[in-house]
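Single-letter residue listing:
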Amino acid sequence: PEVTHADHRSRPEQPQPRHLHMMITIRDYREDDAPAVGRLIAATFSEFNLAFASPEQLNAFLGPFRHADSAEPAHQEAIARVIRSDIVFVAEDGSVIVGVLRGRKERLASLFVRGDHHRQGIGRQLVRRFEQACLQRGWMVIRLASTVYAVPFYQAMGYKRSTGLRSGWSFEGR
């Protein structure tokens, strides 16, 4: 069963499960992945980056992902539109999408890995696959904007900090 954000906070800290036999597959994103990717982005972004936000702020930051659980076609199309990019990879644990990376020429746009799959090399695999795709296209530079939470991850992968702290943005462009 999934745990809501509020329930997660009220329970004592427990170690994340280690999937000793997990089989992670990195593959190209397909349009029919949009609902699962939308739910992953909404949950992960809310949990790790927006704990400070009021419900109104949360909706503004999440943009169309605030409707990730909606079956409404207009909501699903808005989510699919935001996900689309030159390069999109997903990570699957069995048949469950547990990570997504979006990028374009010289820009890693976003990376999300489900919380219960953190620290298992999935983000690293997605980034390495993106780096390979960039090299194949002749793109020799990769830039990214990171949340404060993710800076150590990117630095451990060899990325260099080039700017200081900047104000954030939302999926609505604010």
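Keep in mind that what you see is a predicted model, and the values were worked out from it rather than measured. (Residues numbered from 1 in each chain as written. Predicted model: local features only at pLDDT ≥ 70, side-chain atom pairs only at ≥ 80, totals over all residues. Heavy atoms only, no water.)

**A closer look at the packing of helix α2 (residues 34-49) against helix α4 (residues 73-83)**
- Look at α2 against α4: their axes get within 9 Å of each other, and the N-to-C directions meet at 80°. By the angle class used here, α2 and α4 are roughly perpendicular. Residues Ala34, Pro35, Val37, Gly38 and Ile41 of α2 form the contact with α4, whose participating residues are Gln76, Ile79, Ala80 and Ile83.
- Per-class residue counts for the contact of α2 with α4 are 7 nonpolar, 2 polar and no charged. (Axes fitted to C-alpha atoms, helices over the stretch in contact; angles between N-to-C directions. Helix = DSSP H or I, 4+ residues; strand = E, 2+ residues; numbered from the N terminus. Parallel < 35°, antiparallel > 145°, perpendicular 65-115°, else oblique. Contact = heavy atoms within 4.5 Å. Nonpolar A, V, L, I, M, F, W, Y, C, P; charged D, E, K, R; others polar.)

**Here's the deal with the pairing of strand β3 (residues 96-104)**
- Counting buried positions along β3 yields 7 of 9 residues, so the element is predominantly enclosed.
- A loop of 2 residues connects strand β2 (residues 87-93) with β3, the two strands running antiparallel in sequence, and glycine 94 in this loop sits at a positive phi of about 70°.
- Pairing of β3 with strand β4 (residues 107-113) involves 6 bridges; the strand directions are antiparallel. Following the sheet pairing, glycine 103 is matched in β4 by leucine 108.
- In sequence, β3 turns back onto β4 through a hairpin of 2 residues, with glutamate 106 there showing a positive phi of about 60°. (Buried < 20%, exposed > 50% of the residue type's maximum accessible area, 1.4 Å probe, protein only. Pairing = 2+ DSSP bridges.)

**As for the confidence of the model for the protein**
- When pLDDT is averaged along the protein, the result is 81; 81% of the residues meet or exceed 70.
- Predicted confidence for residues 1-21 stays below pLDDT 50, and this span has 17 contacts to residues more than four positions away or in other chains. (pLDDT = per-residue confidence, 0-100.)

**Section: the sheet that holds strand β1 (residues 24-28)**
- Read from one edge to the other, the open sheet built from 5 strands follows the order β1-β2-β3-β4-β5, with strand pairing classed as mixed. Edge positions in the sheet fall to β1 and β5 (143-144), since each of these pairs with one other strand and no more.
- Relative to β3, β2 is paired through 7 bridges, and the arrangement is antiparallel. Across the sheet, valine 90 pairs through a bridge with valine 100, a residue of β3.
- Packed onto the sheet, α2 meets β2, β3 and β4 and runs at close to 85° relative to β3.

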